[in-house]
Amino acid sequence: MIDIAFTLNGAPCTVSAPPFAPLSDTLRERLGLTGTKEGCNAGDCGACTVLVDGAQACACLIPSAQAQGAQIHTVEATQGAVGAVLARLRAAFLVHGAAQCGICSPGMLMAAVDLLLRDPTPDRAAVRDALGGVLCRCTGYAKILDAVLDAAPQAIAPPRAGEAVGASIARLDGVAKLDGTDRFGADEAPVDALWLRVVRSPHASARFSLGDLEAARHALGLEAILTAADVPGVNAFGIMPNLKDQPVLADGLVRFRGEAVLGLVGTREAVAAVRDAALPITWHPLPALHGTAAASAEDAPQLHAHAPGNLLIEGGLNRGTPARDVANAEGRFTTAFVEHAYIEPEAGYAQPAPDGIGMEIFACTQAPYMDREETARVLGVAEDAVRIRPSACGGGFGGKLDVSVQPLLAVAARKLNRPVRIVYSRAESMASTTKRHPARITARMAADAEGRFTSYEFDADFNTGAYASWGATVANRVPVHAGGPYRIANLRNRARAIYTNDTPAGAFRGFGVPQAAIATESLVDDLAEQLGLDRWEIRRRNAIGRGDTTHSGQVLHASAGLPECLDALKPAWDAMLAQVAAHNAGLPRVRLGAGIACMWYGCGNTSMSNPSRMKLTLARDGTLTLFNGAVDIGQGSTTVMAQICADALGLPLRQFRFVLGDTSRTYDAGKTSASRQTFVSGRAAMETGLALRRRILALANAGEDAVLALEGTQLRVGDARVIDLAALAEDLEAEGRYDPATTALDENGQGTPYATYGFAAQIALVSVDTALGVTKVRRIVAAQDVGRAVNPTLVLGQIHGGIAQGLGLALMEEFIPGRTENLHDYLIPTAGDVPEIDVHLIEDPEPEGPYGAKGVGEPALVPTAPAILSAIRHATGITMRQVPVLPHRLWEQMQ
Amino acid sequence: MTAYHRPTTLQDALAIRAGADVAVLAGGTDIFPARTARAAWGDPTHKDVLDLSAIPGLRDIDETAAGWRIGCLATWSSLMRAKLPPIFDGLKAAAREVGGMQVQNRGTLVGNLVTASPAGDGIPNLLALNATVEVASPRGLRVLPVAVFLTGYRATALAADELATALHVPRLENAQGGFRKLGARHYLVISIAMAAGVIATDAAGRVAEARIALGACSAVAQRLPLLEAALRGVERAKAAQLVQPHHLAGLSPIDDIRATAAYRRDAALVLLRDLLEARG
Ligand SMILES: Cc1cc2nc3c(=O)[nH]c(=O)nc-3n(C[C@@H](O)[C@@H](O)[C@H](O)COP(=O)(O)OP(=O)(O)OC[C@H]3O[C@@H](n4cnc5c(N)ncnc54)[C@H](O)[C@@H]3O)c2cc1C
Ligand code: FES
Ligand code: FES
């Protein structure tokens, strides 16, 4: 430890810290300035960006000793020139919706301050250069660039009563995301918390035995070394209700690299100092099955007793009898593991109750109620003994639906009877948490002479990795969607989830549908080519619309706006084709190409009850509180629920207070997944608002359209009546619930799996350097049927972010266990990779949805990769059937 | 516990270096990620650290009688900002493409050289600049050409008691530097391959001297003597057409997560042609 003196946000500061500790750590852990985030500790994400003597730098790469004598500014700065520029930027970020989850925002803000202090009037390219070192996984960057360029942000006026839905108001939780005060998983813990570090398997498949742990614990100065034997309840977790196949701590056998083996608990210094090699673990490596081909081989060892042939599950859909027709296309497609790469690695703490039963967990999550159920089972206690308090969530995208730190923390806290905290390293997060399923797909499609699709066949193996996680979804969601949003009478779809010794695959934005869309949209282009039809034209002819029947036999009675989406894109499509033709006429080395793709996506869980329930109180002191259990992972559900509820009740949004996603204080609003929150929880929020309104109207004996106004404890109802809330015997309270109507799928995959579907189409313009195989996306135009845009700014944010992830899936993202476990080998798009994006919002209202709204979160990602592949083919004549299209892969095909 | 030294004189630094097995730290942009990577898989140990950053005078970029001297603490950003002639344009271009601005503001050119990664963007530029490395130890100073300084994959000729104190770049009349980097994304990307060159032309517009180097196509970045010889005396405007596959003799590109060897070989030719096509 040394004393380090420097100027921090304009004021002198002295801190005692280890000289080699990263400055980010000293700021966060010793000075309590948790506004500076750590996403990788390797310079790759830029979340830790601060100013050192006025120049942006990654605080995670600076030894604390180098702060001596320096001027350091962090996102917490309020004074001086930095404070002034920050204030302006915060306002602009709010107005433009530039912060979604907000974990990257401090870094973005500081990088922008660095630029604006040097150059107060930069152009877009200069902003891009300045922010190029900060990764954002949520926004697709466009709104961030807009915000930095907005020199005079205009605050948005708060909407009046009844006008919240449809208003582009700033997210309600935005301020805390921009001043560094929002509390993410690593930003809060009791002072007396011990630290947990998980020892993970370096082998993909191995048996292991443990030696004298007690001696090791002593020698290493630890409070405890946890093993499978320390799990008080059931040492297993998993998403499928009937299949809890993943141990919290492995019991003598590991099935993937990164599996948890031991938990080291002690002071931070003690657990951090342990070398894994110093622990008494004896490894006996076994042959590992990588990929579904190896795991499905005749002689492959069986990884789980319940899964002969390593087959977790198989699902299908049969309708009519597929046959050949005038035009016939077929292809084999391969996709990679894709990492969520949320910028916030998993983190949190557990606080045990003194009674030896209760447990409170503060951690980032997308599914607090599921966390509660899993943690309770692992602890062997009743569910209501566990309280989950979600932290702010620095991105999820499906990856924080499964538990990660929660059961580990709970086991440690119970054993030590002390609060215990953990922060995953980036490598640990990448190696141990779920991925998008890699898929090997064979698909066939046929069309008649008019280009009408007549048959479709799909057969795919999805790699679920070592454990099931969301693997079951492969069997239901994929076959239902695989054929794409087209009228097709004859289909035969098969999808299998196969166990391997790879990282477990789980939920990731679009769940299996993006992989299937890559195959299907490619075949559509094949058919168009064979028939000499324009690629837009063939899609428009077959686009499913209102009154049509889906592949699972469901009639779309309403809100099916794909034809409108395609029509909206037509002018841009024609212009793009003309631009490409003109550019490519001279056969230049850098060719342009235009591509197109469509998608559909069922909102909510497949053929499963997935209710949401909310509560609204109007207390006798005049406070109006929405108890909302939906977790906002950056997509904006907190804001959207409030907008909907406010209009349903008829009071202005600004009068609402909120209690959010805490299992002890809110009802279950289900998981933040499957694009269900706006649709399902939003409807529950609407029902809740309407229910309270009905109570009030009844109390006042007022007519349906009476206007409400709340001033202090005086609630005016219509022109004549005033209720004095203070005089009431009890607070006014109302609840609302919604569960979308679905039916089970029969053995042929027929039924009503979803109450509603989102639809979208996108076109992409790419350039391909034909000498180097380098593809650059120049422009994307998206059209998406969202039912109703409750908050257009937030909807656009979802679409931009989905497109950026789709671009990554198409061109650069490939998780390889043991090889791309960090953010410099695993590439996600930077501010320089995401193109200009234009969006057409199509609003074909969904009668079941709140004010006509339905889900938007996942759909945006689905068409992007196939549209880019379609454009690459247009530019080069090469059909890429493997993603990501790394330069060398495209180059090889061009040889 | 890792000991941490932050001396304020070069003499003290050399004494510490000679007295113990320490990791030398300049900007830390290679040291910290490496430490994080090791710790992630259970090796949190680290050598004692010798931090050079408090020693005055090591950041300067100066013109000398023979050319230029770049102090060992000169960062990518300071290179970009320095007033330097066109021979440095390749190095400056590389500086602008290293990581993001955060890394450019802290990382040093000398650190990049000492890390000796095949993908280090500074290295082919230094080879093309005919740079030499000034190395100090309690035993005195010595100066090594960069090609001699680099002894293999992530290996250098630095002895256990030595520090690299500066780089020297000799003058070359009418010389223009250039750089071409190939990566799979826009910012923050490690090169799949890169080409750097310095070309001096005579009054008639012919190549008087060509120094061309490729990175990420062999364990150590290499000059291309066959290509350089072929370029000598040809019309500068026609230089790009001369690039031939056999000029890559001696390279040994590999397959890795970023690309295949065959692709690298072909891409290298394209980068070389692009490099030679461009002028100033
Ligand atoms: C996010 C990120 C992106 C990057 N992108 C690129 C890129 O695109 N291209 C690229 O080439 N590099 C890239 N790098 C690496 C680049 O930043 C480093 O190579 C940097 O230039 C090293 O300088 P430093 O001062 O930070 O070195 P340090 O980390 O301080 O040291 C690096 C090595 O050099 C030794 N060393 C340093 N100075 C001396 C000296 N004077 N004498 C003896 N030994 C010394 C150290 O002991 C150590 O082994 C990136 C790094 C990060 C974190
Ligand atoms: S935490 Fe510093 S760059 Fe990621
Ligand atoms: S808002 Fe940028 S990472 Fe979430």
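Position labels on residues start from 1 in each chain and follow its written sequence. Labels are handed out in written order, letters beginning with A for the chains and numbers beginning with 1 for the ligands. Reporting in this predicted model follows two pLDDT cut-offs: at least 70 for local features of residues, and 80 or more for side-chain atom pairs to be given and counted; totals over whole chains, interfaces and linings ignore these cut-offs and use all residues. Side-chain measures here rest on the full set of heavy atoms in the structure, leaving out hydrogens and waters.

**Student:** Quick one: what's the story with the overall build of chain B, residue by residue and with numbers?
**Tutor:** A helix here means a DSSP run of H or I that spans at least four residues, while a strand means a run of E at least two residues long, and both kinds are numbered starting from the N terminus. Scanning chain B from N- to C-terminus turns up 10 helices and 14 strands. For 280 residues, the compact-globule estimate of 2.2 N^0.38 gives 19 Å, and the C-alpha radius of gyration of chain B, at 19 Å, lies within 12% of that figure. Based on the C-alpha atoms only, the size of chain B along its principal axes is roughly 60 × 45 × 30 Å. When the 280 residues of chain B are sorted by exposure, 56% land in the buried category. Considering only intrachain contacts with a sequence separation of at least 6, the fraction spanning at least 24 residues in chain B is 62%. Here the Shrake-Rupley method, with its probe set to 1.4 Å, supplies the accessible areas, and only the displayed protein chains count as covering residues. With the model as given, the accessible surface of chain B reaches about 10900 Å², and the carbon-plus-sulfur share is 53%. Charge assignment: positive for Lys and Arg, negative for Asp and Glu; neither His nor the chain ends contribute. Taken as the charge location is NZ of Lys, CZ of Arg, CG of Asp or CD of Glu. Charged side chains in chain B number 30 positive and 25 negative. The centres of these two groups are separated by 3 Å. All radius of gyration figures rest on C-alpha atoms, and the globule criterion is 2.2 Å times the number of residues raised to 0.38. Note on exposure labels: buried denotes an accessible area under 20% of the residue type's maximum, exposed denotes more than 50%, and partly exposed covers the range between, all computed with a 1.4 Å probe on protein chains only. In what follows, residue pairs with any heavy atoms lying within 4.5 Å of each other are defined as contacts.

**Student:** Lay out the packing of aromatic side chains in plain terms, naming residues and giving numbers.
**Tutor:** Pairing of aromatic rings covers Phe, Tyr and Trp, the last counted by its six-membered ring, and requires centre-to-centre distances within 6.5 Å; plane angles under 30 degrees mean stacked, over 60 mean edge-to-face, and any other angle means tilted. Inspection of the entire model under this criterion finds 15 aromatic pairs over all chains. Between A:Phe453 and A:Tyr486, the ring centres sit 5.2 Å apart and the planes meet at 90°, which makes this aromatic pair edge-to-face. You can see A:Phe453 sitting in strand S19 (residues 453–465) and its partner A:Tyr486 sitting in the loop between helix H13 (472–481) and strand S20 (490–499), a full 33 residues away along the chain. Exposure remark for A:Phe453: the relative accessible area of 5% places this residue in the buried category. Among the aromatic residues, those joined into a cluster by ring pairs are A:Trp600, A:Tyr754, A:Tyr757 and A:Phe759. The rule is short: NZ of Lys or CZ of Arg within 6 Å of the ring centre and within 35 degrees of the ring normal puts a charge over the ring. Positioned over the ring face of A:Trp536 is A:Lys570, at 4.9 Å from the centre of the ring. Note that B:Arg171 overlies the ring of B:Trp68, its terminal NZ or CZ placed 5.0 Å from the centroid.

**Student:** Describe the interface of chain A and chain B, with residues and values.
**Tutor:** Facing 71 residues of chain A, the contacting portion of chain B comprises 51 residues. A simple way to read buried area is as the amount of 1.4 Å-probe accessible surface that goes missing from two parts once joined, with both sides added. Summing both sides of the interface, chain A and chain B together bury roughly 4600 Å²; the carbon and sulfur share of this comes to 64%. When the buried area of chain A at its contact with chain B is split by residue, A:Phe20, A:Leu61 and A:Gln66 rank highest and sum to 18% of it. Whenever a carboxyl oxygen of Asp or Glu lies within 4 Å of a side-chain nitrogen of Lys or Arg, that contact is scored as a salt bridge. A:Arg589 is paired through a salt bridge with B:Asp274; the nearest N and O atoms lie 2.7 Å apart. Ten residues, namely Ala, Val, Leu, Ile, Met, Phe, Trp, Tyr, Cys and Pro, are considered nonpolar, four, namely Asp, Glu, Lys and Arg, are considered charged, and the remaining ones, Gly among them, are considered polar. Taken together, the residues that form the side of chain A that touches chain B break down as 37 nonpolar, 17 polar and 17 charged.

**Student:** Now, about the site of ligand 1: what can you tell me, with residues and values included?
**Tutor:** Near is defined per residue: the residue qualifies when any heavy atom it owns lies within 4 Å of the molecule or strand. Looking at ligand 1, there are 36 residues lining it, with B:Val24, B:Thr29, B:Asp30, B:Thr108 and B:Asp121 nearest. One finds residues of chains A and B in close proximity to ligand 1. Any pair of nitrogen or oxygen atoms within 3.5 Å is treated as a polar contact; in protein, a donor-acceptor pairing is required on top of that, and neighbouring residues in sequence qualify only through side-chain atoms on both sides. The contact in question runs from an oxygen atom of ligand 1 to an N or O atom on the backbone of B:Gly27, over 2.7 Å. B:Val189 is positioned with one of its backbone polar atoms (N or O) 3.3 Å from an oxygen atom of ligand 1. Isolated, ligand 1 exposes 980 Å² of accessible area, and the fraction of that covered by the protein chains is 91%. The set of elements that each furnish at least two residues to the shell around ligand 1 consists of strand S2 (22–25), helix H2 (31–40), helix H6 (109–115) and strand S10 (163–170) of chain B. Per-element accounting of the shell around ligand 1 gives the leading share, 5 residues, to H6(B). Partitioning the shell around ligand 1 into residue classes produces 20 nonpolar, 11 polar and 5 charged.

**Student:** Pulling in residues and values, what's your account of the domain arrangement of chain B?
**Tutor:** Residue and element names in this part refer to chain B. Domain start and end points were adopted from an automatic or database domain assignment. Parsing chain B into structural domains produces domain 1 (1–56) and domain 2 (58–280). Inter-centroid distance (C-alpha atoms) of domain 1 to domain 2 is 26 Å. In this complex, domain 1 contributes 15 residues to the contact, which on the side of domain 2 involves 20 residues. Summing both sides of the interface, domain 1 and domain 2 together bury roughly 1300 Å²; the carbon and sulfur share of this comes to 69%. Considering only the surface of domain 1 that becomes buried against domain 2, Leu14, Arg17 and Thr29 emerge as the three largest contributors, covering 38% of it. In this assembly, domain 1 and domain 2 are joined by 0 salt bridges.

**Student:** Tell me what's going on with the sheet that holds strand S13 (residues 207–215) of chain B, and back it up with residues and numbers.
**Tutor:** All names here are of chain B. Here, strands pair whenever DSSP counts at least two bridges between them. In space, the 4 strands of this open sheet follow the order S11-S12-S13-S14, with antiparallel pairing throughout. Where the open sheet ends on each side, the last strands, each with one partner, are strand S11 (175–182) and strand S14 (222–223). Bridge count between strand S12 (residues 193–201) and S13: 8 bridges; the pairing is antiparallel. Across the sheet, residue isoleucine 199 finds its bridge partner in S13, namely alanine 210.

**Student:** Run through the domain arrangement of chain A, naming residues and quoting values.
**Tutor:** Residue and element names in this part refer to chain A. Parsing chain A into structural domains produces domain 1 (1–157), domain 2 (194–286 + 340–432), domain 3 (510–605 + 752–894) and domain 4 (612–738). Distance between the C-alpha centres of domain 2 and domain 3: 38 Å. Facing the 8 residues of domain 2 at the interface are 9 residues of domain 3. Overall, the association of domain 2 and domain 3 removes approximately 740 Å² of surface from exposure, summing both partners, and the carbon and sulfur fraction of that is 68%. The largest share of the area that domain 2 buries against domain 3 comes from Arg257, Ala341 and Met430, three residues that together contribute 60% of it. The interface formed by domain 2 and domain 3 holds 1 salt bridge in total. Ionic pairing is found between glutamate 821 and arginine 257, a salt bridge with its closest N-O pair at 2.8 Å. Counting across the interface, domain 2 meets domain 3 through 1 residue pair in polar contact (both at pLDDT 80 or more).

**Student:** Please set out the sheet that holds strand S7 (residues 140–145) of chain B residue by residue, giving values where relevant.
**Tutor:** Residues and elements named next belong to chain B. Pairing is antiparallel in the open sheet, where 5 strands are placed in the order S4-S5-S10-S6-S7. Edge positions in the sheet fall to strand S4 (61–63) and S7, since each of these pairs with one other strand and no more. Strand-to-strand, the axes of this sheet are offset by a mean angle of 25°, without reference to chain direction. Sheet topology note: the strand S6 (residues 132–137)/S7 ladder contains 6 bridges and is antiparallel. Residue pairing for S7: threonine 132 is matched across the bridge by proline 145. Here an axis means a line fitted to C-alpha atoms, over the contact stretch when the element is a helix, while the angle between two N-to-C directions is reported on a 0 to 180 degree scale.

**Student:** Provide a residue-level description of the pairing of strand S6 (residues 194–200) of chain A, including the pertinent values.
**Tutor:** Residue and element names in this part refer to chain A. The buried fraction of S6 is high, at 7 of 7 residues. Across the two faces of S6 the burial is the same, with Leu194, Leu196, Val198 and Arg200 and Trp195, Arg197 and Val199 all buried. Two strands pair when backbone bridges link them, and S6 and strand S17 (residues 420–423) are joined in this way by 2 bridges, in the parallel orientation. Paired with leucine 194 across the strands is valine 420, a residue of S17. Pairing analysis gives 6 bridges linking S6 to strand S10 (residues 260–266), with the strands arranged antiparallel. Following the sheet pairing, arginine 200 is matched in S10 by alanine 260.

**Student:** Go over the packing of helix H4 (residues 124–131) of chain A against helix H5 (residues 142–149) of chain A with me, naming the residues and quoting the values.
**Tutor:** Residues and elements named next belong to chain A. Where H4 meets H5, the closest approach of the two axes is 10 Å, and the angle between their N-to-C directions is 115°. On the basis of their axis angle, the class for H4 and H5 is roughly perpendicular. Every pair of crossing elements has a handedness; the one defined by H4 and H5 is right-handed. Packed against H4, whose contacting residues are Arg124, Val127, Arg128 and Leu131, the element H5 presents Ala142, Ile144, Leu145, Asp146, Val148 and Leu149 at the interface. For the contact of H4 with H5, the per-class residue count stands at 7 nonpolar, no polar and 3 charged. Put simply, angles under 35 degrees are roughly parallel, angles over 145 are roughly antiparallel, angles from 65 to 115 are roughly perpendicular, and the rest are oblique. Crossing handedness is read from the near helix: turned anticlockwise from the far helix by less than a right angle, it gives a left-handed crossing, and turned clockwise, a right-handed one.

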